[in-house]
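Spelled out from the first residue to the last, the chains are:
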Amino acid sequence: MSNIAKVTLKRDIKRRVLLGHPWIYDNEIERIDGDYINGSIVDVYTFAGQFLGRGYINTNSKITVRILTRKPVDINREFIKNRFDEALRNRFNTVCENAYRVVFSEVDGLPGLIVDKFDKYLSVQFNTLGINMLKHQIIDVLIEIFNPAGIFEHTEGSVLEKEGLEEKVEWIYGTGPELIPFEVDGIKFLADTKGQKTGAFLDQRENVRKLMEFAKDKICLDCFSYTGNFGMHLLKSGAKHVTFVDYSERAIEIAKEIANLNLFKDCDFVVVNAFDYLKSNYENSKLFDLIVLDPPSFAKSSSNRDAAFKGYKEINYRSMRILKSNGILATASCTQVISQNEFENTLVEAGIDAKVLLKLLYRGGQSIDYPQMYNILESMYLKFLIIQIVYVNTI
Ligand SMILES: C[S@@+](CC[C@H](N)C(=O)[O-])C[C@H]1O[C@@H](n2cnc3c(N)ncnc32)[C@H](O)[C@@H]1O
């Protein structure tokens, strides 16, 4: 690659960057020399002129450069193929699964790219302009490695406008069904190409498996269920009944379809705001043996953390009040700007208000195909706990 524009960083370079974090913010840049267009490849240098890495630039984003490599190598098809090979090696046993995350953005050295595999189909997101510029080579490599029946692109969301990208929700290679069938733990699922993110959530794999151990004969509530990942697992492992709750009518319709596919009968489905549902059940004193809470992220940035704490406290408190004594609360947080400790402290506060004791049974995180790097804190987002609720007056 010749004539690559040169981005020189300010003198007081951040430790974060030196330690391998791939983002360069606009206020960390001293100057840019040479011609470039947004999305193109640039080289990053320290103030003293030392090469630091090669990545793509977008001056419309606060994250002006995302570094792809710390070596001065060509960003071409071979580079991308190597990144995929490395990502697959780092999936360990999950590559034997019928569905798994193939590439998880920065952590796999391909910032902005998400690839999920559902049986013989792939679902992809190109979330930045720079990674979108490499799309043809990426698709080419995906075809070589997986020979998929179809590749669906589901690129949407609020960041796209800033990146200068248009929403794209369509098959970009081959074709396939609107609802892609796949299997996890012997349960039939459907990834909804018109649904949320890549169509189905795979990040709770180990947590769901752990929770199955507590399901037998239990009356359960799968709250914020989406298409029913948790609840289907509970039914598979002998739950007496599962109520699925989500405010997305489409997600609940697909959950019903999934339950039918698996011949699960002991379930009902409610389209409602989960906050209202939990509150009204308290008023009606309906009691559950097991409740799952897997809400969406409650805060995208630190400025919304207080609202997020309030939300977590509310849903967990309400759940504690409608669980039987010794009942099981499986509670998750995917809000990246809230730490494990902060989440657990919020649960403790909810327990005090609900006048119950909390016994920790299991502490989990995101599945291994959603790798977590300590130097890229943004990659660590999922907290998951299985807690037993004990009424004070029962001990
Ligand atoms: C993280 S997803 C759940 C994923 C699911 N547990 C799984 O493993 O597939 C969060 C879900 O919460 C739903 N949701 C968001 N806010 C809600 C609310 N206030 N009431 C009910 N559902 C809500 C969304 O529609 C989405 O399906």
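In this text, all values refer to a predicted model and were calculated from it rather than measured experimentally.

Looking only at helices and strands, the protein chain features 11 helices and 20 strands. The proportion of buried residues among the 395 residues of the protein chain is 53%. Counted over contacts in the protein chain with a minimum sequence separation of 6, partners at least 24 positions apart contribute 63%. Summed over its atoms, the accessible surface of the protein chain is roughly 17,900 Å², and 50% of this surface lies on carbon and sulfur atoms. Distance from the positive charge centre (49 side chains) to the negative charge centre (52 side chains) of the protein chain: 4 Å.

A few words now on unusual backbone geometry. Backbone geometry places K197, a non-glycine residue, at a positive phi of 50 degrees. Its place among the elements puts K197 in the loop between β13 (187-192) and α6 (205-212). Despite not being glycine, L263 has its phi angle at roughly 60 degrees, a positive value. Examined against the element boundaries, L263 turns out to sit in the loop between α8 (249-261) and β16 (267-271). Looking at L263, the relative accessible area reads 65%, which means it is exposed.

A few words now on the state of the cysteines. In this structure the tally under the stated criterion is 0 disulfides. The thiol sulfur of C334 is not disulfide-bonded, and the nearest other cysteine sulfur, from C223, lies at 14 Å.

In this section: the sheet that holds strand β1 (residues 5-9). Here we have 6 strands laid out as an open sheet, ordered β2-β6-β5-β4-β1-β3, and mixed in their pairing. Of all the strands in the sheet, just β2 (23-25) and β3 (29-33) have a single pairing partner and so form its edges. Averaged over all pairs of adjacent strands, the angle between their axes in this sheet comes to 35 degrees, without regard to strand direction. In the sheet, strand β5 (residues 51-57) pairs with strand β6 (residues 63-69) via 4 bridges, with the strands oriented antiparallel. Paired with G55 across the bridge in β6 is I67.

The next point concerns the packing of aromatic side chains. According to the stated counting rule, one finds 16 aromatic pairs in the structure shown. Ring plane angle 70 degrees and centroid distance 6.2 Å describe the contact between Y362 and F384, whose orientation is recorded as edge-to-face. Pair noted here: Y362 is in strand β19 (residues 356-364) and F384 is in strand β20 (residues 383-391), with a separation of 22 residues, a long-range link. For the pair shown, Y362 and F384 are each scored as buried. What links up through ring pairs into an aromatic cluster is the set F224, F275, F298, Y312 and F343. Across the ring face of Y45, the terminal group of K6 is positioned such that the distance to the ring centre comes to 4.6 Å. The aromatic ring of F126 is capped on one face by K135, whose charged end is 5.1 Å from the ring centroid.

Let's shift gears to the site of the ligand. The immediate surroundings of the ligand are formed by 17 residues, with Q196, N229, D246, A274 and D294 found nearest. Note that an oxygen atom of the ligand is positioned 3.0 Å from one of the side-chain N or O atoms of Q196. Contact distances for the ligand include 2.7 Å between a nitrogen atom and a side-chain N or O atom of D294. If the ligand stood free it would expose 610 Å²; the protein chains cover 94% of that surface. Of the residues in the shell around the ligand, the class split is 10 nonpolar, 5 polar and 2 charged.

Below, the discussion takes up the pairing of strand β18 (residues 323-333). The buried fraction of β18 amounts to 8 of the 11 residues, a majority that puts the element mostly inside the structure. Alignment of strand β17 (residues 288-293) against β18, held across 5 bridges, turns out to be parallel. Its bridge partner being in β18, F288 is matched across the sheet by L323. Between the parallel elements β17 and β18, the chain passes through helix α10 (residues 305-321) in a crossover that is right-handed. Two elements, β18 and β20, share 6 bridges in a ladder whose sense is antiparallel. Bridge assignment links A332 to a residue of β20, and that residue is F384.

What counts as what
- Residues numbered from 1 in each chain as written.
- Predicted model: local features only at pLDDT ≥ 70, side-chain atom pairs only at ≥ 80, totals over all residues.
- Heavy atoms only, no water.
- Helix = DSSP H or I, 4+ residues; strand = E, 2+ residues; numbered from the N terminus.
- Buried < 20%, exposed > 50% of the residue type's maximum accessible area, 1.4 Å probe, protein only.
- Contact = heavy atoms within 4.5 Å.
- Areas by Shrake-Rupley, 256 points an atom, 1.4 Å probe, with all protein chains shown as cover.
- Lys, Arg positive; Asp, Glu negative; His and termini not counted.
- Charge placed at Lys NZ, Arg CZ, Asp CG, Glu CD.
- Disulfide = S-S within 2.5 Å.
- Pairing = 2+ DSSP bridges.
- Axes fitted to C-alpha atoms, helices over the stretch in contact; angles between N-to-C directions.
- Phe/Tyr/Trp six-rings, centres within 6.5 Å; stacked < 30°, edge-to-face > 60°.
- Lys NZ or Arg CZ within 6 Å of the ring centre and 35° of its normal.
- Near = heavy atom within 4 Å.
- Polar contact = N/O pair within 3.5 Å; in protein donor to acceptor, adjacent residues only side chain to side chain.
- Nonpolar A, V, L, I, M, F, W, Y, C, P; charged D, E, K, R; others polar.
- Right-handed = clockwise from strand over helix to strand, strands pointing away.

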